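Observations on the model geometry
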Amino acid sequence: MTALIVEKAGPHATVQDSGRTGVRHLGLTQGGALDWLAQHWANWMLGNALDAAVVEVTLGGLHLECQGEGWLALAGADLGATLDDQPLQVWRPFKVAAGQKVRFASPRLGARAYLAFPGGVQAPLVAGSCATVQREGVGGLDGRGDALRAGDRLACNAEPTAVRAVPAARIPDLLGPARLELILGAQAGGFTGQSLFDAFNRAWTVDARSDRMGLRLTGEPLHYTGPGLISEGIPLGAVQVPPDGQPIILLNDRQTIGGYPRLGALSPLAVARLAQCLPGETVHLWPQVAYAAQARHRQVNVGSA
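Conventions used here
- Residues numbered from 1 in each chain as written.
- Predicted model: local features only at pLDDT ≥ 70, side-chain atom pairs only at ≥ 80, totals over all residues.
- Heavy atoms only, no water.
- Pairing = 2+ DSSP bridges.
- Helix = DSSP H or I, 4+ residues; strand = E, 2+ residues; numbered from the N terminus.
- Axes fitted to C-alpha atoms, helices over the stretch in contact; angles between N-to-C directions.
- Buried < 20%, exposed > 50% of the residue type's maximum accessible area, 1.4 Å probe, protein only.
- Phe/Tyr/Trp six-rings, centres within 6.5 Å; stacked < 30°, edge-to-face > 60°.
- 1 Å grid on protein atoms, 1.4 Å probe; cavity = no way out; pocket = protein on both sides within 12 Å on 5 of 7 lines; lining within 4 Å.
- Points joined across faces, edges and corners; volume = space filled by probe spheres on them.
- Nonpolar A, V, L, I, M, F, W, Y, C, P; charged D, E, K, R; others polar.
- Disulfide = S-S within 2.5 Å.
- Contact = heavy atoms within 4.5 Å.

What follows concerns the sheet that holds strand β10 (residues 109-116). Two modes of strand pairing occur in sheets, parallel and antiparallel, and in both the strands are linked by backbone hydrogen bonds. Read across the sheet, five strands follow the order β2-β3-β10-β5-β8 without closing on themselves; strand pairing throughout is antiparallel. One side of each edge strand has no neighbouring strand; the edge strands of this open sheet are β2 (13-16) and β8 (92-96). Taking each pair of neighbouring strands and ignoring which way they run, the sheet shows an average axis angle of 30°.

This part takes up unusual backbone geometry. Positive phi is not limited to glycine here, since Asp85 has a value of about 70°. Using a relative accessible area of 59% as the deciding quantity, one classes Asp85 as exposed. Of note in the backbone geometry, Ala127 takes a positive phi value of approximately 55° without being a glycine.

For the coordinates displayed, the defined rule picks out two aromatic pairs. Here the aromatic rings of Trp41 and Trp44 are separated by 5.1 Å at their centres, their planes lie at 85°, and the arrangement is edge-to-face. Pair noted here: Trp41 and Trp44 are both in helix α1 (residues 36-44), with a separation of three residues, about one helical turn. Judged on exposure class, the residue Trp41 and its partner Trp44 are both buried. Taken together, a centroid distance of 5.3 Å and an interplanar angle of 65° make the contact between Phe191 and Tyr224 edge-to-face. Placement of the pair is Phe191 in the loop between β12 (178-184) and α2 (193-201) and Tyr224 in the loop between β14 (214-218) and β15 (232-233), with a sequence separation of 33 residues.

A few words on the layout of surface pockets. Size it by volume and the largest pocket reaches roughly 580 Å³. In terms of lining, the largest pocket is formed by 24 residues, of which the most central are Leu37, Pro172, Asp173, Leu269 and Arg296. Elements with a contribution of two residues or more to the lining of the largest pocket: α1, β12, α3 (268-274) and α4 (290-299). The element best represented in the lining of the largest pocket is α3, accounting for four residues. Here the residues of the lining of the largest pocket sort into 15 nonpolar, two polar and seven charged. Approximately 440 Å³ is the volume attributed to the second largest pocket. Contributions of two or more residues to the lining of the second largest pocket are made by β2 and β10.

Taken as a whole and judged by the stated rule, the model has zero disulfides. Free of any disulfide, Cys130 has its nearest neighbouring cysteine sulfur in Cys156, separated by 13 Å.

Along the chain, Glu56 turns up in strand β3 (residues 54-58). Setting aside its immediate chain neighbours within four residues, Glu56 contacts His12, Ala13, Thr14, Gln16, Gly32, Ala33, Leu34, Asp35, Arg112, Ala113, Tyr114 and Arg212.

See below:
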């Protein structure tokens, strides 16, 4: 058995799997790993089911002490992770022994790292998932939606069925401004022509007022002149535009319904890339048709050469 004790918990370290499905009619949101691609690769390195529970570490600050010997895997952002003060490579598995310490410092590249355990982190299921949603008080180690805290014990009772690194050619590129493909929605025609031009031909800046519910962008305000709207279901990656004209991209912990006009929605791959953007970084929106985004998504086959 591999077990780690939380010595120090950063403010945003949580247990996440692939989230809840079929429950939004009950008012429960999706939850789950924001960078699902990094989560899948972290699990693949140990032979886990791709949707197994992992620890999502946002911006660093998490300190863990190992209580046993075993394998772990790390994917996603480079948060300056170390094992007994020796740097850990991202996108690789690593072996730990009792008494060793795993620590995450601060972002060097990207915002969120994913730590996988053989068989996945053990946590109770709530509505079919252990994904932590703090606002709704569901998921996590205790089932009540709490982020990790000092003294928590992370454990698994499985052996890895594989120990392998992610091929270099398959590691997502987190350098440079993110280019986020967006599928236009039915309300796009309600924005002025100038706004549509600005949306896709000007850079946007990630605002510090962002969390797992939504990520705010700042830039040239967008103007909606279409009819008033009735609240409707909100998909993952929806780009809603409130009256101030500054887009909000809704993420895994989003509300289930909303009434602001929407420019469209990011593709799942774009959501994963956006999850690694830090406040102050520049992003670009890239208009795309649904079938082309679907084709790109099908090409991403975690584990293939």
